[in-house]
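Structural overview for review
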Amino acid sequence: MKRIRMANTTPASMVASLLLLLLCAGYVPAICPPMCSCGRGHRVVDCSARGLSLLPDSLQHNIHFLNLSHNRLQDLDGLLGHFGHLRTLDISHNRLMHLPDGLPRALWDIHASANDIRQLVKNDTAYHWNLQALDLSNNQLERVVFINNTLPSLRALNLSHNKFWTVPTNMPHNLEIVDLSHNFLLQILPGSLDRLHQLSRFYLHANRFASVSEGVFNRLESLQLLTLGDNPWACEDEENMTHLLNWVHQTPAKVLGCPCYVRPTCGEAHLATSRTWHSASYTEPPLGTDTRDSGHEPPIQVVTSVYLSKSALLNLPYNRSTGNATGAGEQALTKGGGFLTSTPHTLSTQSSTTIRTRSTKKAIPGKARSISIQMHTCSPHTVALNLLCTAIMINIF
């Protein structure tokens, strides 16, 4: 009887020991969809330019960065809500008719440029308390609806290259950067900007302004840069233009594209001699000048796909919180990322989102990395849990 018990116990002990070694060694398979490339422990996933019409399978629930740009996606409603750790989502250059329903509330950055989005309704952004940057450029937007006191963390809003006729009202009050260039803007309703006390960069160039209401910019206490070029200012209408010209010469902000002047920067200009419609042009990129003087550290190289022939990277004047990030790699990824905004100068051709960090491994040509094995060291708590599992296994055997 004793021999039989020994024979039964020895294999059980061996199996339990093997399980303990496997658990302690941390052999945990992490699956990456075969049509995508993954990095940072498969928490950074790039599925751009794969011709996708459906969301890839096998995406881990704890991903932090997802790039779905340059595909053929038409509907993502309800498909992304379970990615509770997702911080950056790039769905630009697809065929979306609206911002997807049920996006994760933990998101910090949403890049949805170059789609066919026609309106933004209040429920699209009502619950995104953590959202810091929203890029909806190069769509078909004619109106956006924001609810008062929503999007409290939003700092950068890009609505350039759309079809707005009036500057949106009820914009989130903590915004620091707003890009409304390359629209059809004709007017700014009185009081529309009065709550934007933190706004530092405001891009209004390449619109259809002939004049603006008196005092419309007076409440922008933090304004550092305003672009007004490439607008058909009615310089012959002295009654409506005098108050604007007085303001641009008195404000401490840099005003590029000075109305009715032949040089681009107000304060360094001479009055145009012709009394006719005039559209000031730039002689240098406004963002290039501004970012050189900003004193901010350059962001990690994040290039999000958008209409790059008239876009440039813009340093966000704030640092993202890294309290929820795990590891130095994620902190480097999320701290001070880039945001695209339209400028009058030309850049290189379009590119999808790419992330370059020292720890990211390059894919080996001809070999698909669909499964990776990760090694982890055991903490005392893990060892205790594994021993408990071993004891249970021995009893079972």
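Residues numbered from 1 in each chain as written. Predicted model: local features only at pLDDT ≥ 70, side-chain atom pairs only at ≥ 80, totals over all residues. Heavy atoms only, no water.

**Examining the sheet that holds strand S5 (residues 88–90)**
Spatial ordering of the open sheet is given by S2-S3-S4-S5-S6-S8-S10-S11-S12-S13-S15, a layout of eleven strands whose pairing is mixed. What marks the edges here is a single partner per strand, and that holds for strand S2 (37–39) and strand S15 (254–256). Put simply, the sheet's adjacent strands are angled 5° from each other on average, direction ignored. Pairing between strand S11 (residues 177–179) and strand S12 (residues 201–203): three bridges, direction parallel. Residue pairing for S12: valine 178 is matched across the bridge by phenylalanine 202. (Pairing = 2+ DSSP bridges. Helix = DSSP H or I, 4+ residues; strand = E, 2+ residues; numbered from the N terminus. Axes fitted to C-alpha atoms, helices over the stretch in contact; angles between N-to-C directions.)

**Describing unusual backbone geometry**
One non-glycine residue, histidine 42, adopts positive backbone phi at about 65°. As for its placement among the helices and strands, histidine 42 is situated in the loop between S2 and strand S3 (44–46). Classification of histidine 42 by relative accessible area gives buried; the value is 8%. If you check the backbone angles, histidine 161 has positive phi at about 55° while not being a glycine. Locating histidine 161 in the fold gives a position in the loop between strand S10 (156–158) and S11. (Buried < 20%, exposed > 50% of the residue type's maximum accessible area, 1.4 Å probe, protein only.)

**Some remarks on the environment of serine 160**
For serine 160, the position within the fold is in the loop between S10 and S11. Among the polar contacts listed, one links the side chain of serine 160 to the side chain of asparagine 158, at a separation of 2.8 Å. (Polar contact = N/O pair within 3.5 Å; in protein donor to acceptor, adjacent residues only side chain to side chain.)

**Some remarks on the side chain of threonine 88**
Relative to the elements of secondary structure, threonine 88 occurs in strand S5. A relative accessible area of 11% means that threonine 88 is categorised as buried. Within the structure, threonine 88 has its side chain in polar contact with the side chain of aspartate 109 (distance 3.4 Å). If sequence neighbours within four positions are ignored, threonine 88 has contacts with His64, Phe65, Leu66, Leu107, Asp109 and His111. (Contact = heavy atoms within 4.5 Å.)

**Some remarks on the state of the cysteines**
Here the structure, examined in full by the defined rule, presents three disulfides. Covalently, cysteine 36 is tied to cysteine 47 through a disulfide, its sulfur atoms 2.0 Å apart. One quick way to see it: the torsion about the S-S bond of cysteine 36 and cysteine 47 is about 105°, and its sign makes the bridge right-handed. Taken together, the residues cysteine 36 in the loop between strand S1 (28–31) and S2 and cysteine 47 in the loop between S3 and strand S4 (65–67) connect sequence positions eleven residues apart. For the pair cysteine 36 and cysteine 47, a shared accessibility class is recorded, and that class is buried. One disulfide bridge connects cysteine 235 with cysteine 260, the sulfur atoms lying 2.0 Å from each other. Taking the sign of the S-S torsion, -100° for the link of cysteine 235 and cysteine 260, the bridge is left-handed. (Disulfide = S-S within 2.5 Å.)

**Some remarks on helix H2 (residues 238–250)**
Helix length check: H2, at 13 residues, gives a terminal C-alpha distance of 18 Å against a target of 18 Å (1.5 Å per residue), a fit within 8%. If you check which residues of H2 are buried, you get Met241, His243, Leu244, Leu245, Trp247 and Val248. For H2, the elements touching its buried residues are strand S13 (225–227), strand S14 (233–234) and S15. (Expected span 1.5 Å × (residues − 1).)

**Section: the pattern of salt bridges**
Tallied over the entire structure, the rule returns two salt bridges. Arginine 118 is the salt-bridge partner of aspartate 116, the closest N and O atoms lying 3.5 Å from each other. Overall, the relative accessible area of 21% leaves aspartate 116 in the partly exposed class. Note on arginine 118: relative accessible area 45%, which makes it partly exposed. Among the ionic pairs, glutamate 176 bridges to arginine 155, the shortest N-O distance being 3.6 Å. Within this pair, whereas glutamate 176 is found in the loop between S10 and S11, its partner arginine 155 is found in the loop between strand S9 (143–144) and S10, the two being separated by 21 residues in sequence. (Salt bridge = Lys/Arg side-chain N within 4 Å of Asp/Glu carboxyl O.)

**Some details on the nonpolar core**
Counting residues in each nonpolar core, the largest one holds 70 residues, and the members touching the most others are Leu193, Phe202, Leu204 and Phe217. The element that contributes the greatest number of residues to this core is H2, accounting for five residues. Dropping the residues within four chain positions of it, leucine 204 is found in contact with Leu180, Ser181, Leu185, Ile188, Phe209, Phe217, Leu226, Thr227, Leu228 and Asn231. By size, the runner-up hydrophobic cluster in this structure holds six residues, among which are Ala156, Tyr203, Leu225 and Leu256. (Core = buried A, V, L, I, M, F, W, Y, C linked by side-chain atoms within 4.5 Å.)

**Things to note about the side chain of asparagine 139**
Structurally, asparagine 139 can be placed in the loop between strand S8 (133–135) and S9. The class for asparagine 139 is buried, based on a relative accessible area of 3%.

**A word on the environment of leucine 185**
Assignment of secondary structure puts leucine 185 in the loop between S11 and S12. Looking at leucine 185, the relative accessible area reads 0%, which means it is buried. The spacing of leucine 185 and asparagine 231 is 46 residues in sequence and 9.4 Å in space, taken between C-alpha atoms. With near-sequence residues (within four places) excluded, leucine 185 lies in contact with Phe164, Trp165, Thr166, Val167, Leu180, Leu204, Asn207, Arg208 and Phe209.

Read these as layout, nothing more, since geometry by itself doesn't imply function.
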